[in-house]
Amino acid sequence: MAGNPENVDFWTGADVFFDFTRTAPLPADLVTAWDALWLPAGLLNGDDGMTETRDENSEDTFAWGSILVRTVYSQHKRTMSVVMLEDNATTFGLINPGDSTRTAENGVITSEIYVPRRKKIRMGLELRDGDKVKRRVVPTVELGEVSEVETNETTPDQYSATITLLPDGNGKLYTDLKTDVSYVAS
């Protein structure tokens, strides 16, 4: 049988972080703690996980006789969706970008929600399975869609956000760091 089961990733732990200041140092390894400016979103929905979506347009060019000459791809877009379970300051700031505020005094949280004003932020992910760790650092993201927040008696509130990954001037979307002593580059 061809293949190596060690190359199959099954992440049993995950964290997502946001840097609203875009000034935090980017992690350069897999062991150094995330800087304090990287704010964790808290507990994530393990069943839904995080979903990365790719979208792009394609245009086929045909020669006479219905011969496909070339397919041109353009307008590549990549998004990540994450479902957060905690109602905390990080989640609030992500799903209510802009002028919305939240204060806490004497055990009472006051949230003032305004029309969203999106801004560019940073996103970091850390996935774990035993000794195996993967970190993804996305230097520029922007909040896309926020799904419905359903409140009922059988499931917790869930905050589902779709985040658009924005490339740098060279087209780079993100950097992944991953431990895997058995990986062989081809």
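Since the structure is predicted, the reported quantities are computational estimates derived from the model, not experimental observations.

J.: Please provide a residue-by-residue account of the overall build of the chain, values included.
T.: Along its length, the chain carries one helix and 10 strands. Secondary structure of the chain in N-to-C order comes out as β-β-β-β-α-β-β-β-β-β-β. In terms of overall dimensions, the chain has C-alpha extents of about 75 × 45 × 40 Å along its principal axes. Residue burial in the chain is summarised as follows: out of 186 residues, 31% are buried. Here the chain displays about 12400 Å² of accessible surface, and carbon together with sulfur accounts for 52% of that area. Of the side chains in the chain, 18 bear a positive and 30 a negative charge, and the two mean positions are spaced by 8 Å.

J.: Go over the pairing of strand β3 (residues 50-63), please, and point to the residues and values.
T.: The sheet contact formed by β3 and strand β4 (residues 67-84) spans 13 bridges and is antiparallel. Its bridge partner being in β4, Thr51 is matched across the sheet by Ser81. Between β3 and the antiparallel strand that follows it, β4, lie three residues; Gly65 among them carries a positive phi value of about 90°.

J.: If you had to explain the packing of aromatic side chains to someone new, which residues and values would you point to?
T.: Using the criterion set out here, one finds three aromatic pairs in the structure. With a centroid separation of 4.5 Å and 20° between ring planes, the pair formed by Phe17 and Trp34 is classed as stacked. Remark: Trp34 occurs in the loop between β1 (13-19) and β2 (39-40) and Phe17 occurs in strand β1; sequence separation between them is 17 residues. You can call Trp34 buried: its relative accessible area is 14%. With a centroid separation of 6.4 Å and an interplanar angle of 35°, the aromatic rings of Phe18 and Phe20 are classed as tilted. A residue is classified by how much of its surface remains accessible, and Phe20, at 21% relative accessible area, is partly exposed. Grouping aromatic residues by their ring pairs yields a cluster made of Phe17, Trp34 and Trp38.

J.: Quick rundown of the nonpolar core? Include the residues and the values.
T.: Residues Val16, Phe18, Met84, Leu94, Met123 and Ile163 are the most contacted members of the largest nonpolar core, which totals 21 residues. Listed by contribution, the elements that provide at least two residues to this core are β1, β4, α1 (89-95), β7 (120-129), β8 (132-146) and β9 (159-165). Of all hydrophobic cores here, the second largest spans five residues; its members include Phe17, Ala24, Trp38 and Val137.

J.: Can you explain the confidence of the model for the chain? Please cite residues and give values.
T.: Regions with low pLDDT should not have their predicted coordinates read in detail. For the chain, per-residue confidence averages 90 on the pLDDT scale, and residues scoring 70 or more make up 96% of the total. Ranking the elements of the chain by mean pLDDT puts strand β5 (residues 101-105) last, at 89, and β2 first, at 96.

J.: Lay out the environment of Arg70 in plain terms, naming residues and giving numbers.
T.: By secondary structure assignment, the location of Arg70 is in strand β4. Classification of Arg70 as exposed rests on a relative accessible area of 56%. Between the C-alpha atoms of Arg70 and Asp60, which are 10 residues apart in sequence, the distance is 6.0 Å. Not counting residues up to four positions away in its chain, the partners in contact with Arg70 are Glu59, Asp60 and Thr61.

The rules we used
- Residues numbered from 1 in each chain as written.
- Predicted model: local features only at pLDDT ≥ 70, side-chain atom pairs only at ≥ 80, totals over all residues.
- Heavy atoms only, no water.
- Helix = DSSP H or I, 4+ residues; strand = E, 2+ residues; numbered from the N terminus.
- Buried < 20%, exposed > 50% of the residue type's maximum accessible area, 1.4 Å probe, protein only.
- Areas by Shrake-Rupley, 256 points an atom, 1.4 Å probe, with all protein chains shown as cover.
- Lys, Arg positive; Asp, Glu negative; His and termini not counted.
- Charge placed at Lys NZ, Arg CZ, Asp CG, Glu CD.
- Pairing = 2+ DSSP bridges.
- Phe/Tyr/Trp six-rings, centres within 6.5 Å; stacked < 30°, edge-to-face > 60°.
- Core = buried A, V, L, I, M, F, W, Y, C linked by side-chain atoms within 4.5 Å.
- pLDDT = per-residue confidence, 0-100.
- Contact = heavy atoms within 4.5 Å.

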